[in-house]
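Coordinate analysis (summary)
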Amino acid sequence: MKVAVLLGGDSEERDVSLASGAEVARALRAAGHEVVAVDSARGVLSAEDERRILESGLTPTAPARDSDLVSRGDAGALVRSPAVSGADVLFLALHGGAGEDGTLQGLLDLLGVSYVGSGRVGCTLAMDKDVTKRLLRDADVPTADWMTGYTAPDVVAARLGLPVIVKPVSGGSTVGLTLVRSADDLDAAYEAARAYDGLVMYEAFVQGRELTVGILGDRALPVGEIVPEHEIFDYECKYQPGLAQEIFPADLAPEVAERVQDLALRVHRLLRLQDFSRVDFILDGDGTPWCLEANALPGLTSNSLLPKAAAAAGIPFPDLCDRIARLALARFGTDRAGEG
């Protein structure tokens, strides 16, 4: 199979996307596929480019919003380039921005390009945390109370209590997120989040165990538990080795694990996600799993959660990437799904 891995993207998660894409390209080659890695900002990567990305790792802090990001206006030319148009499937290793919010997916649908992961609608719903939470609430999936848009600190504290999470409505990797303990700090946290997105969310903080469930096809993978060194699972804990314990499978009673997996599948389907995703929860002291969010294109770095969940299910990383690519070919109705 000829696979073009698209990495980089136009968002503050560009560095994470580069790491994911380089790992995916290496894994797909190990699975026997013909692979080209394409940086959406700089074009086709050489073997040396990929090696540098794999060796450099991720910086310990999230990039600023005004980083050197690729323009969305280049997407059409990129998709029509020979490296991409000649592939059987486009493997999107993009996080945040136009690569995950449904913009690119809509363009690919118009052009008839086979690509991995969720379509335009699913990506749009999952990226907007306010819309996600409204759908969860209407479907009786537990999710913490929240408010969107600037709100006076005393009103936030009275309704949601303290501490409270302040974060951009759209985005991921906890970029722009702050755990606020004092009402005096709410306005500063609001401005920090607003630097990444014009719409900001205040969310009640739920104390408990952080759980995650990967979805592959229509199957929930083993539940994982994240135990971060910091109070929350922030950017540094996510991407710097040794700053979080990631336990797969989580030490849960079988009935609790099954309930969390069932909820994850419900969320995956509710948001119209496809092929693969990751759904995150907090399990409170009373045993209630509160859904935090769903990730339409979860990270695929060596330190990412979905590959660890797959490994716990007996699926090595090259096999995981291979399965994701083949799910895309099958979904788009091509007869090439059986090619090696």
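Model, not experiment: these values are computed from the prediction. (Residues numbered from 1 in each chain as written. Predicted model: local features only at pLDDT ≥ 70, side-chain atom pairs only at ≥ 80, totals over all residues. Heavy atoms only, no water.)

**Here's the deal with helix α9 (residues 153-160)**
Residues separated by three or four positions in an α-helix point in the same direction, a consequence of the helix having 3.6 residues per turn. As a reminder of what qualifies: Under the scheme applied here, a residue whose accessible area is under 20% of the maximum for its type counts as buried, over 50% as exposed, and between as partly exposed, the area being computed with a 1.4 Å probe on protein chains only. Secondary structure elements follow DSSP: runs of H or I of four or more residues count as helices, runs of E of two or more count as strands, with numbering from the N terminus. For this quantity, the arc is that covered by the directions from the helix axis to the C-beta atoms.
Along α9, the residues that are buried comprise Pro 153, Val 156 and Leu 160. End-on, the buried residues of α9 take up no more than an arc of 65 degrees, which puts them together on one face. Seen from the buried face of α9, the exposed residues on the opposite side, beyond 90 degrees, are Asp 154 and Ala 158. Of the residues one or two after α9, Gly 161 is the one with positive phi, at around 75 degrees.

**Considerations on the sheet that holds strand β4 (residues 89-92)**
In plain terms, the rule: Strands qualify as paired when DSSP identifies two bridges or more between them.
Strand order in this open sheet of 4 strands is β3-β2-β1-β4, and the pairing throughout is mixed. The open sheet has two free edges, formed respectively by β3 (43-44) and β4, since each of these has just one partner strand. Bridge count for strand β1 (residues 2-7) against strand β2 (residues 34-39) is 6 bridges, and the pairing is parallel. Bridging from a neighbouring strand, Lys 2 pairs with Glu 34 of β2.

**Quick look at the packing of aromatic side chains**
This is how the line gets drawn: Any pair of Phe, Tyr and Trp rings, taking the six-membered ring for Trp, is counted once the centres come within 6.5 Å. Such a pair is stacked with planes under 30 degrees apart, edge-to-face with planes over 60 apart, and tilted for the rest. Over a ring means this: the NZ of a Lys or the CZ of an Arg is within 6 Å of the ring centre and within 35 degrees of the ring normal.
Overall, the coordinates contain 3 aromatic pairs when judged by the stated rule. Residues Tyr 150 and Tyr 190 carry aromatic rings whose centres are separated by 5.1 Å and whose planes lie at 80 degrees to one another, so their mutual orientation is edge-to-face. Of this pair, Tyr 150 sits in the loop between β5 (146-148) and α9 while Tyr 190 sits in helix α10 (residues 186-194), and the two are 40 residues apart along the sequence. Among the residues examined, Tyr 150 registers a relative accessible area of 46% and is labelled partly exposed. Judged by relative accessible area, which is 8%, Tyr 190 ranks as buried. Through a chain of ring-to-ring contacts, three or more aromatic side chains come together here, namely Tyr 150, Tyr 190 and Tyr 202. Sitting above the plane of the Tyr 115 ring, Arg 331 keeps its charged end 5.7 Å from the centroid.

**Some points on the nonpolar core**
This is how the line gets drawn: In these notes, a set of buried Ala, Val, Leu, Ile, Met, Phe, Trp, Tyr and Cys residues joined through side-chain atoms within 4.5 Å is what counts as a nonpolar core. Two residues form a contact once any of their heavy atoms are found within 4.5 Å.
In terms of nonpolar packing, the biggest core is built from 51 residues, with Val 5, Leu 90, Phe 91 and Leu 92 touching the most fellow members. When contributions to this core are tallied by element, the ones reaching two or more residues are β1, α1 (14-30), β2, α3 (75-80), β4, α6 (103-111), α13 (305-312) and α14 (317-331). If we skip the residues at most four places from it in the chain, Val 5 touches Gly 21, Val 24, Ala 25, Leu 28, Val 35, Val 36, Ala 37, Val 38, Phe 91 and Ala 93. With 26 residues, the next largest nonpolar core counts Val 141, Ala 250, Leu 252 and Leu 283 among its residues.

**A word on the sheet that holds strand β7 (residues 178-180)**
Rules: Convention adopted: a line fitted to C-alpha atoms gives each axis, helices being fitted over their contacting stretch, and angles between N-to-C directions are expressed from 0 to 180 degrees.
With respect to topology, 4 strands assemble into an open sheet ordered β5-β8-β6-β7, the strand pairing being antiparallel. Of all strands in the sheet, those with a lone pairing partner are β5 and β7, marking the two edges. Each neighbouring strand pair of the sheet contributes to a mean axis angle of 20 degrees, computed without reference to strand direction. Against the sheet, helix α8 (residues 129-138) engages β5, β6 (164-168) and β8 (200-204), with an angle of about 140 degrees to β5.

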